[in-house]
Amino acid sequence: MSVLAEAEVDLAAVAANLDTVAGVAGTELMAVVKADGFGHGAVPVARAALAAGATWLGVTSTGEALALRAAGFAGPVLSWLHRPDDDFGRLISADVDLGVSTVPHLHAIVEAASRSGRPATVQLKADTGLSRNGANRVDWPDLVGWARKYEVEGSVRVRGIWSHLAGADTLDGRGVGRQVAAFEEARRIARTAGLRPDLAHLANSAAALAAPATRYDLCRIGLALYGVDPFGAPGGGAYRLRAAMTLRSTVLNVKRVPAGTGVSYGPDRVTERPTTLALLPLGYADGLPRAAEGRAEVWLGGTRRPIVGRIAMDQCVVDAGDLPVAIGDPVVVFGPAPGTCLTGGGCVVRPGCAAGTAGGGCVAGPGCAAGETDAGWPTVAEWAAWARTSPHEILTGIGARVARRYRPVGR
Ligand SMILES: *Cc1c(COP(=O)(O)O)cnc(C)c1O
């Protein structure tokens with residue numbers, strides 16, 4: 001590998017995760033591939049998710065939506081963050097469904113539709129408690145009133161009504177029940193205005209898995225698709241999701257140093273005892289959060305070793321202790337938790353646990369000792385905890401110079 005670091009994306013895991021969510025939710029699924037597929041690559045993820053049965057793709061912006069069309073995806077795409085002066089003509093021509101939250105946006109879309117001579121397909125977004133995008137209770141009647149007027153005139157088609165949950169990450173806090181009630185009211189108001197949309201959707205990953213009342217016709221799946229447990233489990237969690245991304249690198253330099261040796265930036269970072277330091281060519285520009293200093297670990301030499309000193313822009317230093325480490329040794333920054341199934345039903349390959357040794361369950365097959373679960377590769381969820389952030393931020397923060405490599409379905 002001539003690149004300094006590589007994010008291997010297991011597309012079979014994406015497919016399996018989609019299958020898992022579909023089995024639980026029992027609805028159609030939208031694969032949310034915004035932010036370049038949460039850093040995994042929007043196009044390969046979209047392809048894997050659609051092949052596995054997803055019927056919709058979801059993105060936030062014009063550029064993302066048009067890139068999916070350019071890549072050849074002809075099926076339903078919803079995009080939901082637009083300026084009122086966005087290039088709606090191109091989006092309408094590309095047959096992209098537009099999430100609409102305000103009347104000025106709707107007016108602009110209708111204008112573009114009239115110019116292009118074909119109706120725009122819109123999905124009206126209600127704010128049911130998140131107070132971000134979406135029309136709230138005050139503005140919603142006006143939005144649906146205009147939408148109905150334009151629908152009658154033939155300039156728009158209202159395909160859906162939707163909203164997003166505030167307690168999306170945890171399903172606690174601000175009350176999923178209250179948001180479902182607010183969503184129901186928004187649907188009633190739309191119906192009274194004369195709208196008969198085909199679709200209602202509210203659920204993200206966490207809600208699709210655990211809040212049946214939010215499921216409606218379609219669930220929008222982000223985090224779970226990428227194999228991160230939306231409830232915060234360090235590994236695949238109760239639904240046995242499979243992490244899609246493994247971030248790998250190699251040791252670039254090794255040195256044996258005495259106690260009291262300064263490590264990385266800062267006068268206060270010194271070694272406590274004689275130790276071996278291994279240089280890792282990954283820094284915060286590559287997505288290793290500086291805030292994880294003092295807690296972060298990587299997999300090196302068959303075990304977990306701490307990163308010591310500051311994480312710099314391009315590199316960081318691993319304290320290898322007395323491990324016999326050499327230049328070129330592989331490092332895993334994060335990947336699937338031990339016991340996660342890989343293609344072919346094997347365990348994650350790690351010392352003491354050969355591939356293929358465990359059966360379908362994969363937790364502790366022959367060669368996989370119980371308890372190893374706590375000592376394997378770090379996971380995205382752990383990195384998020386170390387940096388006091390969310391797994392979404394870790395995944396979308398993996399930098400552009402980290403090469404993406406795809407492991408196709410069936411291998
Ligand atoms: C990002 C996003 C999702 C996906 O959420 P996850 O919690 O990652 O499943 C769903 N809906 C909307 C509106 C989003 O912006």
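Report follows, based on the coordinates. (Residues numbered from 1 in each chain as written. Predicted model: local features only at pLDDT ≥ 70, side-chain atom pairs only at ≥ 80, totals over all residues. Heavy atoms only, no water.)

Within the protein chain one finds 11 helices and 17 strands. Within the span of the protein chain, comprising 411 residues, buried residues form 53% of the whole. Considering only contacts in the protein chain between residues 6 or more positions apart, those separated by 24 or more positions represent 65%. A total of about 16,800 Å² of accessible surface is found on the protein chain, and carbon and sulfur atoms cover 54% of it. (Helix = DSSP H or I, 4+ residues; strand = E, 2+ residues; numbered from the N terminus. Buried < 20%, exposed > 50% of the residue type's maximum accessible area, 1.4 Å probe, protein only. Contact = heavy atoms within 4.5 Å. Areas by Shrake-Rupley, 256 points an atom, 1.4 Å probe, with all protein chains shown as cover.)

This paragraph deals with the site of the ligand. In the region of the ligand, the neighbouring residues are Lys-34, Phe-38, Trp-80, Trp-162, His-164, Asn-204, Ser-205, Arg-220, Ile-221, Gly-222, Leu-223 and His-392. Between Arg-220 and the ligand, the recorded distance is 2.9 Å, taken from a side-chain N or O atom to a nitrogen atom. Between the ligand and Leu-223 there is a distance of 2.8 Å, counted from an oxygen atom to a backbone nitrogen or oxygen. When residues of the shell around the ligand are traced back to their parent elements, those giving at least two are α2 (34-38) and β9 (218-221). Considered class by class, the residues forming the shell around the ligand number five nonpolar, five polar and two charged. (Near = heavy atom within 4 Å. Polar contact = N/O pair within 3.5 Å; in protein donor to acceptor, adjacent residues only side chain to side chain. Nonpolar A, V, L, I, M, F, W, Y, C, P; charged D, E, K, R; others polar.)

Moving on: the packing of helix α6 (residues 103-116) against helix α7 (residues 140-153). Where α6 contacts α7, the axes come no closer than 9 Å and their chain directions differ by 15 degrees. Taken as axis vectors, α6 and α7 run roughly parallel relative to one another. Of the two elements, α6 crosses α7, and the hand of that crossing is right-handed. Contact residues: Val-103, Leu-106, His-107 and Val-110 in α6; Asp-142, Leu-143, Trp-146, Ala-147 and Tyr-150 in α7. Looking at the contact of α6 with α7, its residues break down into seven nonpolar, one polar and one charged. (Axes fitted to C-alpha atoms, helices over the stretch in contact; angles between N-to-C directions. Parallel < 35°, antiparallel > 145°, perpendicular 65-115°, else oblique. Left-handed = near helix turned anticlockwise from the far one by under 90°.)

Turning next to the side chain of Thr-27. When you line up the elements, Thr-27 lands in the loop between α1 (11-25) and β2 (28-32). Once residues lying within four places of it in the same chain are set aside, the contact partners of Thr-27 are Arg-215, Tyr-216, Asp-217, Leu-218 and Cys-219.

Along strand β3 (residues 56-59), one buried face is formed by Trp-56 and Gly-58 and the opposite face, lined by Leu-57 and Val-59, is buried too. Where β2 lies against β3, three bridges are found, and the strand directions are parallel. Residue pairing in the sheet places Met-30 in a bridge with Trp-56 of β3. Direction of pairing for β3 relative to strand β4 (residues 77-79): parallel, over a ladder of three bridges. From the neighbouring strand, Leu-57 faces β4, where its bridge partner is Val-77. (Pairing = 2+ DSSP bridges.)

Counted according to the given criterion, the structure contains 23 salt bridges. Measuring nitrogen to oxygen at the nearest pair gives 2.7 Å for the salt bridge that ties Arg-83 to Asp-85. An identical accessibility class is assigned to Arg-83 and Asp-85; each is exposed. Here Asp-97 ties to Arg-159 by a salt bridge, and the two come within 2.8 Å at their closest N and O atoms. Separated by 62 residues along the polypeptide, Asp-97 in strand β5 (residues 97-100) and Arg-159 in strand β7 (residues 156-162) bring together distant segments of the chain. Under the relative-accessibility criterion, Arg-159 is labelled buried at 17%. Beyond isolated ion pairs, a larger network of salt bridges with shared partners links Glu-6, Glu-8, Arg-248, Arg-405 and Arg-407. (Salt bridge = Lys/Arg side-chain N within 4 Å of Asp/Glu carboxyl O.)

Moving on: the packing of aromatic side chains. Counted under the stated rule, the structure contains six aromatic pairs. Their ring planes at 40 degrees and their centres at 6.2 Å tell us that Phe-231 and Tyr-239 sit as a pair that is tilted. Measuring from ring centre to ring centre gives 5.4 Å for Trp-383 and Trp-386, while their planes differ by 70 degrees; the resulting arrangement is edge-to-face. With Trp-383 and Trp-386 both in helix α10 (residues 380-386) and three residues apart, the pair spans about one turn of that helix. A relative accessible area of 1% means that Trp-383 is categorised as buried. (Phe/Tyr/Trp six-rings, centres within 6.5 Å; stacked < 30°, edge-to-face > 60°.)

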